[in-house]
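# Descriptive structure summary
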Amino acid sequence: MAEQISSLLNLPSFVMPSFTFTSLLDIGLIAFVVYKLLSWIKQTRAWALFKGIITLAIVYLAAEIFDMHVTQWLIDQTLVFAVIALIVVFQPEVRRALERMGKGRRIPFLSLLVEEEKTDTPTTSIEEIVSAAVRMSMARTGALIIIEQETPLGDLEATGVPIDAVVSSQLLLSIFEDKTPLHDGAVLIAKGRVKSAACILPLTSKDLGGDLGTRHRAAVGASENSDAYALVVSEESGNISVAKDGKLYQALSQDEVKNMLMSGISPSKARRPRKKKKKG
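Residues numbered from 1 in each chain as written. Predicted model: local features only at pLDDT ≥ 70, side-chain atom pairs only at ≥ 80, totals over all residues. Heavy atoms only, no water.

### A word on helix H11 (residues 214–224)
- Judged by how many residues are buried, H11 sits mostly within the fold: 8 of 11 residues are covered.
- Restricting attention to buried positions, one finds in H11 the residues His 216, Ala 218, Ala 219, Val 220, Gly 221, Ala 222, Ser 223 and Glu 224. (Buried < 20%, exposed > 50% of the residue type's maximum accessible area, 1.4 Å probe, protein only. Helix = DSSP H or I, 4+ residues; strand = E, 2+ residues; numbered from the N terminus.)

### Let's talk about a nonpolar patch on the surface
- A surface patch of nonpolar side chains, about 450 Å² in accessible area, is lined by Leu 61, Ile 65, Phe 66 and Met 68.
- Position of Leu 61 among the secondary structure elements: in helix H3 (residues 46–65).
- For Leu 61, a relative accessible area of 51% translates into the label exposed. (Patch = residues over 30% accessible without salt bridge, like charges linked within 9 Å, V, L, I, M, F, W, Y side chains within 5 Å. Areas by Shrake-Rupley, 256 points an atom, 1.4 Å probe, with all protein chains shown as cover. Salt bridge = Lys/Arg side-chain N within 4 Å of Asp/Glu carboxyl O.)

### Here we look at unusual backbone geometry
- A positive phi is found at Asp 164, a non-glycine position, where the angle reads about 55°.
- Along the chain, the position of Asp 164 falls in strand E2 (residues 161–166).
- On the basis of relative accessibility, which here comes to 44%, the residue Asp 164 falls in the partly exposed class.
- With a phi angle near 70°, Lys 179 is a residue other than glycine that sits in the positive phi range.
- Structurally, Lys 179 is set in the loop between helix H10 (169–175) and strand E3 (186–190).
- Judged by its relative accessible area of 73%, Lys 179 falls in the exposed class.

### Concerning the pattern of salt bridges
- Applying the stated criterion across every chain, the model contains 5 salt bridges.
- One salt bridge in this structure joins Lys 258 and Glu 127, with 3.8 Å as the shortest N-O distance. Of this pair, Lys 258 sits in helix H12 (residues 254–263) while Glu 127 sits in helix H8 (residues 123–138), and the two are 131 residues apart along the sequence.
- Judged by relative accessible area, which is 28%, Lys 258 ranks as partly exposed.
- Its relative accessible area of 37% is what places Glu 127 among the partly exposed residues.
- For the salt bridge of Asp 164 with Arg 193, the shortest nitrogen-to-oxygen distance reads 2.8 Å. Placement of the pair is Asp 164 in strand E2 and Arg 193 in strand E4 (residues 193–199), with a sequence separation of 29 residues.
- Since its relative accessible area comes to 30%, Arg 193 is described here as partly exposed.
- Three or more residues are tied together by salt bridges with common partners; here these are Asp 164, Arg 193 and Lys 195.

### Considerations on the sheet that holds E3
- Spatial strand order, E2-E4-E3-E1-E5-E6-E7: 7 strands in an open sheet with mixed pairing. Pairing within the sheet leaves two strands with one partner each, and these edge strands are E2 and strand E7 (247–249). Each neighbouring strand pair of the sheet contributes to a mean axis angle of 20°, computed without reference to strand direction.
- Alignment of strand E5 (residues 229–233) against strand E6 (residues 240–244), held across 4 bridges, turns out to be antiparallel. Residue pairing across strands places Leu 231 opposite Val 242, the latter belonging to E6. (Pairing = 2+ DSSP bridges. Axes fitted to C-alpha atoms, helices over the stretch in contact; angles between N-to-C directions.)

### Topic: the environment of Met 68
- Examined against the element boundaries, Met 68 turns out to sit in the loop between H3 and helix H4 (69–79).
- Not counting residues within four places of it along the chain, the set of residues in contact with Met 68 comprises Ala 62 and Ala 63. (Contact = heavy atoms within 4.5 Å.)

### Remarks on the environment of Ser 223
- Here Ser 223 lies in helix H11.
- Separated by 21 residues in the primary sequence, Ser 223 and Pro 202 have C-alpha atoms spaced 9.6 Å apart.
- Once you skip the residues sitting within four places of it in the chain, Ser 223 turns out to touch Ala 228, Ala 243, Lys 244, Asp 245, Gly 246 and Lys 247.
- In this structure the side chain of Ser 223 is engaged in a polar contact, spanning 2.8 Å, whose partner is the backbone oxygen of Val 220. (Polar contact = N/O pair within 3.5 Å; in protein donor to acceptor, adjacent residues only side chain to side chain.)

### Notes on the confidence of the model for the chain
- Chain-level pLDDT for the chain is 77 on average; 69% of the residues reach the 70-or-more range.
- A low-confidence stretch, residues 104–119 (pLDDT under 50), is modelled with 11 contacts involving residues beyond four sequence positions or located in other chains.
- The low-confidence segment residues 270–280 (pLDDT under 50) makes 7 contacts with residues lying over four places distant or belonging to another chain. (pLDDT = per-residue confidence, 0-100.)

### So, the nonpolar core
- Grouped together as the largest cluster of nonpolar side chains are 27 residues, with contacts concentrated most on Leu 172 and Leu 231.
- Of all the elements in the fold, those that place two or more residues in this core are H8, strand E1 (143–147), H10, E3, E4, E5, E6 and H12.
- For this core, the element with the most residues is H8, which contributes 6 residues.
- Counting residues in each nonpolar core, the second largest holds 18 residues, with Leu 153, Ala 186, Val 220 and Val 232 among its members. (Core = buried A, V, L, I, M, F, W, Y, C linked by side-chain atoms within 4.5 Å.)

Here you go:
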């Protein structure tokens, strides 16, 4: 039947390959990888670039159909450098994807080859951080604190001023005091110590709304590139927010912030249902 259709349409004859369980598994694996890749691209800045590539592919196909030789030649010359250009343009996204693959302990046998250090923040350090955040919230003092988890943040630490001191609320309050040399930027905390201050963070490309400023954008950007917690105190409203995995949880209470940093649960689970006010 396939040969008859091919002869009628003047198509080259082909042999239908045998379909086995391995073939089904192969197709399913490729479909899953493509789906995850597209889902990941859509959540990043790469989505706009990806749509541009699709547009370029459609133009090339149209040029092929209508024998537009000049357009074909230009696109062919461009494709010579396409691989290098894509690596350069998508470098942050590729790095982020590889980091997400590396964290989360998805490859158990690697733990036998590499001994990982415990990076849990001590309870006393979290209490000091929350205490400082509450006091800064009351005083409307802007602050941005990054709390390292499993993903090392040495590259961010290098952008700031080294401190390497025990975490204390007094130290954090002193750093973020207005008009002090280190108040502008982020404080990086790792393994119960303040590693550096005035760190420069990558800004997110997400639309967070006009009421959120650079601190919130930097907090979300840092959480997109690592598994760190990013705590923000708004200078305008005094609200305390926490960014995690690219999501920003806003206007949190003291208990919600503490529970989130200690247990890793989201505020939606830690937050108690608010009682509805009675009308009249």
